[in-house]
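Coordinates in review
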Amino acid sequence: MSEADPIISQWVYAAMRNDQDAFAEIVYSFQDAVYNLCYRMLGNRVEAEDASQEAFLKAFGNLSRYDHARAFKTWLLTIASNHCIDRLRKRRMQYISIDEPIPATLSLSSDDPLPEQAVMTDERGEQVQALLDQLKPDDRAVVIFRYWYDYSYIEIAEMMDTTESAIKSRLFRARKALAELFEQTGDTYHNSLSEGYE
């Protein structure tokens, strides 16, 4: 279990006293993690940006509820995850589709992959996102917390307000669903993966 960072705690206490600079430090420190979670949950860049901002606003409004014995990042990602799950439930009711691919990352370094490798990586990312998009929101959150953020079962259970065994069960179900979806997508994805390792 992660302990709270004393600097983050200072920023939280200052933000609770309406210190905007302290809250700006919090946003700056965690904006990438929150955006990445929202993007993985929602599959749309614009919606992920909106959800990230709304998650930070919810966090700001609830700073007094933050337990300083816990890691702030875990608390913040819980807020973002719950917000995304709510958005997905509303979206399902409105029949809006999620088809925007994972954005290509910008890099100016000379270690950039060759164009063919970059295309393959983008295609893999799109395929992974397409598979994630087909999971139930709660199952998607478990997969993201476990494999993108490397949280333990216990941490995920705390974040999702459930038991460790329930998280293990959800993760098993999600992996099984992903495997079945992967099988259904045919050899295209498998061939692109094996080509990348030859």
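Everything discussed here concerns the structure shown above.
Below is a short write-up of the structure. Just so it is clear, the structure is predicted and the values come from calculations on it, not from any experiment. (Residues numbered from 1 in each chain as written. Predicted model: local features only at pLDDT ≥ 70, side-chain atom pairs only at ≥ 80, totals over all residues. Heavy atoms only, no water.)

1. Some details on the environment of glutamate 180
Relative to the elements of secondary structure, glutamate 180 occurs in helix 8 (residues 164-184). For glutamate 180 and leucine 131, which are 49 residues apart along the polypeptide, the C-alpha to C-alpha distance reads 9.9 Å. (Helix = DSSP H or I, 4+ residues; strand = E, 2+ residues; numbered from the N terminus.)

2. Notes on the packing of helix 2 (residues 20-42) against helix 6 (residues 137-147)
The geometry of helix 2 relative to helix 6 is characterised by a closest axis approach of 10 Å and an angle of 140° between their N-to-C directions. Considering the angle they form, helix 2 stands oblique to helix 6. The handedness of the crossing between helix 2 and helix 6 comes out as right-handed. Along the contact surface, helix 2 presents Leu37, Arg40, Met41 and Leu42, while helix 6 presents Pro137, Arg140, Ala141, Ile144 and Phe145. (Axes fitted to C-alpha atoms, helices over the stretch in contact; angles between N-to-C directions. Parallel < 35°, antiparallel > 145°, perpendicular 65-115°, else oblique. Left-handed = near helix turned anticlockwise from the far one by under 90°. Contact = heavy atoms within 4.5 Å.)

3. Things to note about the pattern of salt bridges
Taken as a whole and judged by the stated rule, the model has five salt bridges. One salt bridge connects glutamate 47 with arginine 87, and the closest N-O pair in it is separated by 3.1 Å. Separated by 40 residues along the polypeptide, glutamate 47 in helix 3 (residues 45-61) and arginine 87 in helix 4 (residues 72-94) bring together distant segments of the chain. The same class applies to glutamate 47 as to arginine 87, namely buried. Across the pair lysine 168 and glutamate 164 runs a salt bridge, and its minimum N-O distance is 3.6 Å. (Salt bridge = Lys/Arg side-chain N within 4 Å of Asp/Glu carboxyl O. Buried < 20%, exposed > 50% of the residue type's maximum accessible area, 1.4 Å probe, protein only.)

4. A few points about the packing of aromatic side chains
Tallied over the full model, the rule gives ten aromatic pairs. Ring centres of tyrosine 66 and phenylalanine 72 lie 5.1 Å apart, and the angle between their planes is 80°; this geometry places the pair in the edge-to-face category. As far as burial versus exposure is concerned, tyrosine 66 and phenylalanine 72 are alike and both buried. Ring geometry for tyrosine 66 and tryptophan 75: centres 5.4 Å apart, planes at 55°, overall tilted. A relative accessible area of 4% means that tyrosine 66 is categorised as buried. Here tryptophan 75 falls in the buried class, since its relative accessible area comes to 11%. Taken together, the aromatic side chains of Phe30, Tyr66, Phe72 and Trp75 make up a single cluster linked through ring pairs. A cation sits over an aromatic face here: arginine 146 above tyrosine 153, 4.4 Å from the ring centre. (Phe/Tyr/Trp six-rings, centres within 6.5 Å; stacked < 30°, edge-to-face > 60°. Lys NZ or Arg CZ within 6 Å of the ring centre and 35° of its normal.)

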